[in-house]
Amino acid sequence: MASPEITLEAVPGISEVPAAAWDACANPEGRVSPGSSSACGRAYNPFISHAFFSALEASGSATLRTGWAPRHLVAKMGDEVLGVVPCYLKSHSQGEYVFDRGWADAYERAGGRYYPKLQVSVPFTPATGPRLLIRADQDRDMIGNALAQGLKALCGISEASSVHVTFARQAEWELLAAQGFLQRTDQQFHWHNQGFSTFDDFLATMNSRHRKAIKRERRDALAAGITIHWLTGKDITEDAWDAFFEFYMETGSRKWGRPYLNRKFFSLIGESMADDVLLVMAKREGRWIAGAINFIGSDTLFGRNWGAIEHHPFLHFEVCYYQAIDFAIQHKLQVVEAGAQGEHKIARGYLPQTTYSAHYIADRGLRRAIDDYLKRERAYVEEAGRELAESAPFRKGMDEPS
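Residues numbered from 1 in each chain as written. Predicted model: local features only at pLDDT ≥ 70, side-chain atom pairs only at ≥ 80, totals over all residues. Heavy atoms only, no water.

**Student:** Mind laying out the sheet that holds strand S15 (residues 351-361), listing which residues take part and the relevant values?
**Tutor:** Taken together, the 11 strands give an open sheet; going across it, the order is S2-S5-S6-S8-S15-S9-S14-S13-S12-S11-S10, and neighbouring strands pair in mixed fashion. Because the sheet does not close on itself, it has two edges, and the strands there are strand S2 (68-70) and strand S10 (227-232). Adjacent strand axes in the sheet meet at a mean angle of 30° when their direction is disregarded. Note: S10 against strand S11 (residues 277-284), six bridges, orientation antiparallel. Bridged to Leu231 within S11 is Leu279. Packed on one face of the sheet, helix H10 (residues 315-330) meets strand S9 (182-192), S10, S11, strand S12 (287-296), strand S13 (300-308) and strand S14 (335-340) and runs near 55° to S10. (Pairing = 2+ DSSP bridges. Helix = DSSP H or I, 4+ residues; strand = E, 2+ residues; numbered from the N terminus. Axes fitted to C-alpha atoms, helices over the stretch in contact; angles between N-to-C directions. Contact = heavy atoms within 4.5 Å.)

**Student:** How would you summarise the sheet that holds strand S7 (residues 133-134) if you had to cite specific residues and measurements?
**Tutor:** Pairing is antiparallel in the open sheet, where four strands are placed in the order S1-S3-S4-S7. Two strands lie at the open edges of the sheet, namely strand S1 (6-11) and S7, each paired on one side alone. Judged from the two bridges that link them, strand S4 (residues 80-85) and S7 form a sheet pairing that is antiparallel. Residue pairing across strands places Val84 opposite Leu133, the latter belonging to S7. With respect to the sheet, helix H1 (residues 19-26) is in contact with strand S3 (72-77), S4 and S7, its orientation differing from that of S4 by roughly 65°. The strands that helix H4 (residues 140-157) touches are S1, S3, S4 and S7; relative to S1, the one it contacts most, it runs at about 45°.

**Student:** Residues and numbers for the pairing of S13, please.
**Tutor:** With nine of nine residues buried, S13 is to be regarded as a mostly interior element. As paired elements, S12 and S13 share six bridges and run antiparallel to each other. In the strand pairing of S13, Gly291 is matched with Gly307. Remark: three residues form the turn of the hairpin made by S12 and S13, two consecutive strands paired antiparallel. (Buried < 20%, exposed > 50% of the residue type's maximum accessible area, 1.4 Å probe, protein only.)

**Student:** Quick one: what's the story with the nonpolar core, residue by residue and with numbers?
**Tutor:** One finds Phe266 and Ile269 to be the most contacted residues of the largest nonpolar core, which totals 44 residues. Of all the secondary-structure elements, those providing two or more residues to this core are H1, helix H2 (50-58), S4, helix H8 (238-256), helix H9 (263-272), S11 and S12. Of the residues forming this core, the biggest block, seven residues, is contributed by H8. Beyond its immediate chain neighbours, meaning those up to four positions away, Phe266 contacts Trp241, Phe244, Phe245, Tyr248, Leu261 and Ile293. (Core = buried A, V, L, I, M, F, W, Y, C linked by side-chain atoms within 4.5 Å.)

**Student:** Go over unusual backbone geometry, please, and point to the residues and values.
**Tutor:** Residue Tyr115 is joined to Pro116 through a cis peptide bond whose omega torsion reads 10°. Take Pro116: it is sitting in the loop between helix H3 (101-109) and strand S6 (117-120). In this model, Phe167 sits at a positive phi of 55°, which is unusual for a non-glycine residue. Relative to the assigned elements, Phe167 resides in strand S8 (residues 162-168). Even without glycine at this site, Phe314 takes up a positive phi of about 70°. With respect to the helices and strands, Phe314 occurs in the loop between S13 and H10. According to the relative accessible area criterion, Phe314 is partly exposed, its value standing at 28%.

**Student:** I'd love a proper account of the pattern of salt bridges, names of residues and values included.
**Tutor:** Between side chains of opposite charge, a pair can form when the charged atoms approach closely. With the rule as written, the count across this model stands at 19 salt bridges. One salt bridge connects Glu217 with Arg348, and the closest N-O pair in it is separated by 2.7 Å. Note that Glu217 is positioned in helix H7 (residues 208-221) and Arg348 in the loop between S14 and S15, a separation of 131 residues in sequence. In this structure, Glu217 and Arg348 share a single accessibility class: buried. Of the charged contacts in the structure, one is a salt bridge between Glu310 and Arg287, with a shortest N-O distance of 2.9 Å. With Glu310 in the loop between S13 and H10 and Arg287 in strand S12, this residue pair connects regions lying 23 residues apart in the sequence. Residue classification places Glu310 among the buried positions, given a relative accessible area of 13%. By sharing partners, the salt bridges in this structure join Lys90, Glu96, Asp100 and Lys117 into a single network. (Salt bridge = Lys/Arg side-chain N within 4 Å of Asp/Glu carboxyl O.)

So, in structure tokens, the structure goes:
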């Protein structure tokens, strides 16, 4: 009797895939407590959970109306789900943090049509994580190759110009390259825990100038009688979400125009995954004045959005960077990812880290032009990373006084 074949299907919403089946591919061990080791070597990542995508889509934040039409790819054998890919058919390039607007402009000037395109990512979330989500008991190469081929086929069926897999793991980046995807790199800034017991242990690794600067920033940030509070789980009330959403809208609207996430999104994640959320909130004279939302993985704290209705010197650094380090040390997390861009993070202990994306371009002429560009860009990113790492604020020798 012949063994059943792998079948591939694109579904128009996360609700079309049972949560248990999706999460068996995305986070096969379920929610793992912060600082705990993984039996299968795959860290828990809240962004790829069924609950997170459900909140994005059910809230209306990532839907056809906002230019994010779900086309999630599902690999099955019989009725059993073996792998999934979070995928969206897009009519623009907003909310991605890997910039291809120049590619779109060049192609359209040449008479092509760049949109729609397929985007394999977590919408509005520049955080590294698996993108080809495969059950732990399956042959990862076999299912991964099937999913990669399925993405190319979906590109043709959807009459899309391209497929973009962003903030992927390096192993997926290499697998996709073997399937004809172009390779792109970029830079973020991450903090790494070296087994610190306290924030002062971390400071002791820094040179004197930067150590003193951080102590001064932390002191000045709270000088106006500001207190900092960590809210997670049941401590995150709807009143706290109201306050945070006000910060998010005020700062997001001022800096970037219309923010991507709506108020309903935050209520939904509060209902379904509050234990994965850390709100770092600042209070002055009895009211919340600023805050940052973080998501908690088993080995990584992911910093996401920040906002404030009062502006105080260094409060942004305290709420977003130093409190994240404090939380990671206390909960034995290995990494803090502080979001996209920002070379100013280096002086605060966040070091350059390469990020990876893979791009399938259907048109041969456009593919050749982008391939040539990416070769030069990768060389630039590598050299820039070396130069930035050399400017790290850490002590060069143990003979320097601490």
